[in-house]
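# Coordinates in review
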Protein chains: 2
Amino acid sequence: MADVGEFGLIGRLAEILGEPTSPDVLVGIGDDAAVWRPRTGSLTVATTDALVEGVHFDLATTSWTDLGWKALAENVSDVAAMGCHPRYALVALALPGGAPVDGVEAFYRGMHACATRFGCTIVGGDVVRTAALTIQITLVGESMPVADATDRPLLERSRAAVGDALAVTGPLGGSAGGLQLLLGAAPIDGSATADALIAAHRRPMPRVEAGLALVGAGVRCAMDVSDGLLADVGHICERSGVDAEVDARLVPLYPGLDAIFSERALDLALTGGEDYELVCAAPDATIKRANALLGEGGQEPLTMIGRIVARSGDKPSVRTRTAQGALVEWGAGGWDHFRAENHD
Amino acid sequence: MADVGEFGLIGRLAEILGEPTSPDVLVGIGDDAAVWRPRTGSLTVATTDALVEGVHFDLATTSWTDLGWKALAENVSDVAAMGCHPRYALVALALPGGAPVDGVEAFYRGMHACATRFGCTIVGGDVVRTAALTIQITLVGESMPVADATDRPLLERSRAAVGDALAVTGPLGGSAGGLQLLLGAAPIDGSATADALIAAHRRPMPRVEAGLALVGAGVRCAMDVSDGLLADVGHICERSGVDAEVDARLVPLYPGLDAIFSERALDLALTGGEDYELVCAAPDATIKRANALLGEGGQEPLTMIGRIVARSGDKPSVRTRTAQGALVEWGAGGWDHFRAENHD
């Protein structure tokens, strides 16, 4: 299935990545498959994501280098959201005939920088031709060691319980705010605030260390904020058979977001995606323990934003307490109403 | 990064796959990542391949169901070529807006049949929109248990040694012959031979059990015949720093191939791809041991087709002994000469 020009390009890309530094990698790029020695006593996690030009990204607002970082970061965030260490990545690139080689090399440099930052190794891949640039990355991770055969040191969407507090690992809306600036929704004034928002969009930082701290503290339910806070809390509710109430007044806004976007800031924080902070559900005492552990690691504490409540209907429901004190359902008309309340 | 219609389709596809039957799968489709318990004492292998419509396959000559089988089989063959068990697959599908839902479901049924046949589980994936149908599958496998910290129970391209015999696990040219029939190069006469060739193209059978037997017998160098026998022997030579001589008179032809294609049959067997038989290099005594082990498992013995020789120049060279006794170099002009000798 090899393309004619595949072998030359793969050689150049392998050079950018260099030899794997992890002693656990036994066979890297160049054989039928990559091989590594799994960590004894850990569970294995794996996630895959496909990104298509014109659907998921636009090279007009994203450089090849940033695209490489973001494409891997999205997968790193999925592994962080399971409370695991990211370890081994495989990259399949489908390139249009006119894709510039220096662009593809910059993409690999961005991906390599992200891999190095988060302790994972790019061990294999495939390069083929297509009409629309498509990036598919599979990332394999490893959990903290299991205590026994029934232990699941993981953060799962399905493990929220009624009465749990809902909390987030950091401020939200930064990536969505940065994208709005790049799209011209507000002037880019060169301020540190605007730069930080744009950086949050271009170089998101998955919360790997925070995910590990949550698991260490006994948290067992979390996911990453990738579709938007309320949508993602909805995913937890769906898988756990519960509802949730989010207090919008407690949701931490990315620094400077309200200065630039005023009343739209909350909207960006509640529904903007790609923040890659984690949202978790756990008993109050566990949240307290997690904060102690996060503090020991020099990380910011969790912010409580709401609570898991019993399922009230056939479908999962996420209700939001507004600044005015009303409880508004997110989704369909309810959320439109809430938006109207905020924007008018 | 989710598409609007993604969740409904993923639900239907998850139903086709059913609940994972492997007790080692802890989290399947529906969380941030899949989770499994790795086999203690095994090495992990992983491979990824991308297939693009119009480049790697054509829905005019391939059904959706066969496409599902083949897409996974290609990855299963890579794991077989490492001498490992295929275990966990992740599938990313990039679909054009007009892709029929029943076609995508048939694709999943074909993939599920292949997974079931070869003992692996589809644990996760992603579905996105694009212009050209693109299939990306990552397959994770597990080696036989390691004896100690230095043991590598693997089939690697880099481990051929001068003096090793070259051998294949079965007859070649079947898939290429079937494709030629489908493309109209010879009439499809409805005979069992023609049917078998077409089946070899549509439903290739990766040699997982043979790969495990080779490792068990002490073979340490092999790969699957995916680009064509001579090209793939060239890959072994490149990675091992050696040359090879293949005796064309010894290469086993797929049954009936010569009856239909006469003197073109050998060409198809030497250069046709996607056979998914394994080609290995090992000392004669090891080949003998492998044959005993293959026989115990009810599998056909290896066929010796040539020998590994010392590197003679700057680049790897694969030389072929023709029916006339001449030694002809494969690649560039040499192979054209050989083709001319055969075809005229």
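Since we're looking at a predicted model, the values are computed, not measured.

### A look at the relation of the copies chain A and chain B
Copy one and copy two of the chain differ by a rotation about a common axis and a shift along it. The operation relating chain A to chain B is a screw motion whose rotation component is 180°, with 0.0 Å of axial translation and a residual RMSD of 0.0 Å. Taken together, the rotation angle and the small translation identify this as a two-fold axis. A high fraction, 98%, of the interface residues of chain A reappear at the interface in chain B, so the copies pair face to face through one surface.

### Quick look at the pairing of strand 5 (residues 121-129) of chain B
Residue and element names in this part refer to chain B. In terms of burial, strand 5 is largely enclosed, as seven of its nine residues are buried. As defined by bridge partners, strand 4 (residues 85-95) adjoins strand 5 across eight bridges and the pair is classed as parallel. Looking across to strand 5, one finds that Ala92 is bridged to Asp126. Viewed along the sheet, the connection from strand 4 through helix 3 (residues 101-117) into strand 5 turns out right-handed.

### Looking at the nonpolar core
Ranked by size, the top nonpolar core spans 45 residues in total, and within it Leu72, Phe107, Tyr108 and Ile135 of chain A carry the most contacts. Element by element, the count of residues in this core is highest for helix 2 (residues 64-80) of chain A, at nine residues. The contact partners of Tyr108 of chain A, leaving out residues within four places of it in the chain, are Leu13, Ile16, Leu17, Val91 and Leu93 of chain A. Ranked by size, the runner-up nonpolar core spans 44 residues in total, among them Leu17, Ala71, Ile122 and Leu133 of chain B.

### Section: the pattern of salt bridges
Inspection of every chain in the model, using the stated rule, returns 36 salt bridges over all chains. For Arg87 of chain B, the salt bridge identified is with Glu142 of chain B, shortest N-O distance 2.7 Å. Of this pair, Arg87 of chain B sits in strand 4 while Glu142 of chain B sits in strand 6 (residues 134-142), and the two are 55 residues apart along the sequence. Given the relative accessible area of 3%, Glu142 of chain B is considered buried. Residue Asp243 of chain B pairs with Arg319 of chain B through a salt bridge whose shortest N-O separation is 3.2 Å. Of this pair, Asp243 of chain B sits in strand 9 (residues 242-247) while Arg319 of chain B sits in strand 12 (residues 318-321), placing them 76 residues apart in sequence. Arg319 of chain B carries the same exposure label as Asp243 of chain B, and that label is buried. Connected through salt bridges with shared partners, the residues Asp24, Arg39, Arg87 and Glu142 of chain A form a single ionic network.

### Comments concerning the interface of chain A and chain B
Opposite the 63 residues of chain A that make contact, chain B presents 62 residues. Here chain A and chain B share an interface that buries about 5100 Å² over both sides, 56% of which is from carbon and sulfur atoms. The interface formed by chain A and chain B includes four salt bridges. Note that Arg157 of chain B is salt-bridged to Asp31 of chain A, the shortest N-O span being 3.7 Å. Our count for the contact surface shared by chain A and chain B stands at 19 residue pairs in polar contact (both at pLDDT 80 or more). The greatest single-element share of the side of chain A that touches chain B, amounting to nine residues, is contributed by strand 3 (residues 44-52) of chain A. Here the residues of the side of chain A that touches chain B are counted per class, giving 34 nonpolar, 13 polar and 16 charged.

### Quick look at the sheet that holds strand 6 (residues 134-142) of chain A
Pairing in this open sheet of six strands is mixed, and the strands run 5(A)-4(A)-6(A)-3(A)-2(B)-1(B) from one edge to the other. Every interior strand has two partners, whereas the edge strands, strand 5 (121-129) of chain A together with strand 1 (25-27) of chain B, have only one. Between one strand axis and the next, the sheet turns by 20° as a mean value, whatever way the strands run. Packed onto the sheet, helix 2 of chain A meets strand 3, strand 4 (85-95) and strand 6 of chain A and runs at close to 145° relative to strand 3 of chain A.

### Quick notes on the environment of Phe261 of chain A
The topology assignment puts Phe261 of chain A in helix 8 (residues 257-261). In the structure, Phe261 of chain A is positioned 60 residues away from His201 of chain A in sequence and 16 Å away in space, judged by C-alpha atoms.

### Side note on the pairing of strand 4 of chain B
Residue and element names in this part refer to chain B. For strand 4, the tally of buried residues reaches 10 of 11 residues, placing the bulk of the element in the interior. As defined by bridge partners, strand 4 adjoins strand 6 across nine bridges and the pair is classed as antiparallel. The residue of strand 6 that forms the bridge with Val91 is Ile137.

### Describing helix 7 (residues 229-240) of chain A
All names here are of chain A. Taking 1.5 Å per residue, 12 residues should reach 16 Å; helix 7 reaches 16 Å between its end C-alpha atoms and fits that length. Counted residue by residue, helix 7 has 10 buried out of 12 residues, so it is predominantly covered. Listed as buried for helix 7 are Leu229, Leu230, Ala231, Asp232, Val233, Gly234, His235, Ile236, Cys237 and Ser240. Positive backbone phi, at 70°, marks Gly241, one or two positions downstream of helix 7.

### Some points on the packing of aromatic side chains
All names here are of chain A. This structure, assessed with the given rule, holds six aromatic pairs over all chains. With centroids separated by 6.2 Å and ring planes inclined at 65°, the aromatic side chains of Trp69 and Phe118 adopt a geometry described as edge-to-face. Of this pair, Trp69 sits in helix 2 while Phe118 is found in the loop between helix 3 (101-117) and strand 5, placing the two residues 49 residues apart along the sequence. The class of Trp69 is buried, set by a relative accessible area of 7%. It is Arg117 that lies over the ring of Phe118; its NZ or CZ is 4.5 Å from the centre.

### Comments concerning the packing of helix 4 (residues 174-182) of chain B against helix 5 (residues 192-202) of chain B
Residues and elements named next belong to chain B. In contact at an axis separation of 7 Å, helix 4 and helix 5 are set at 105° when each is read in the N-to-C sense. By the angle between their axes, helix 4 is roughly perpendicular relative to helix 5. Across from Gly174, Ser175, Gly177, Gly178, Leu179, Leu181 and Leu182 in helix 4, the residues of helix 5 making contact are Ala194, Leu197, Ile198, Ala200, His201 and Arg202. A class-by-class count of the residues in the contact of helix 4 with helix 5 yields seven nonpolar, five polar and one charged.

Reading guide: rules and limits
Residues numbered from 1 in each chain as written. Chains lettered and ligands numbered in written order. Predicted model: local features only at pLDDT ≥ 70, side-chain atom pairs only at ≥ 80, totals over all residues. Heavy atoms only, no water. Least-squares fit on C-alpha atoms with pLDDT ≥ 70 in both. Contact = heavy atoms within 4.5 Å. Buried < 20%, exposed > 50% of the residue type's maximum accessible area, 1.4 Å probe, protein only. Helix = DSSP H or I, 4+ residues; strand = E, 2+ residues; numbered from the N terminus. Pairing = 2+ DSSP bridges. Right-handed = clockwise from strand over helix to strand, strands pointing away. Core = buried A, V, L, I, M, F, W, Y, C linked by side-chain atoms within 4.5 Å. Salt bridge = Lys/Arg side-chain N within 4 Å of Asp/Glu carboxyl O. Buried area = accessible area lost by both parts, 1.4 Å probe. Polar contact = N/O pair within 3.5 Å; in protein donor to acceptor, adjacent residues only side chain to side chain. Nonpolar A, V, L, I, M, F, W, Y, C, P; charged D, E, K, R; others polar. Axes fitted to C-alpha atoms, helices over the stretch in contact; angles between N-to-C directions. Expected span 1.5 Å × (residues − 1). Phe/Tyr/Trp six-rings, centres within 6.5 Å; stacked < 30°, edge-to-face > 60°. Lys NZ or Arg CZ within 6 Å of the ring centre and 35° of its normal. Parallel < 35°, antiparallel > 145°, perpendicular 65-115°, else oblique.

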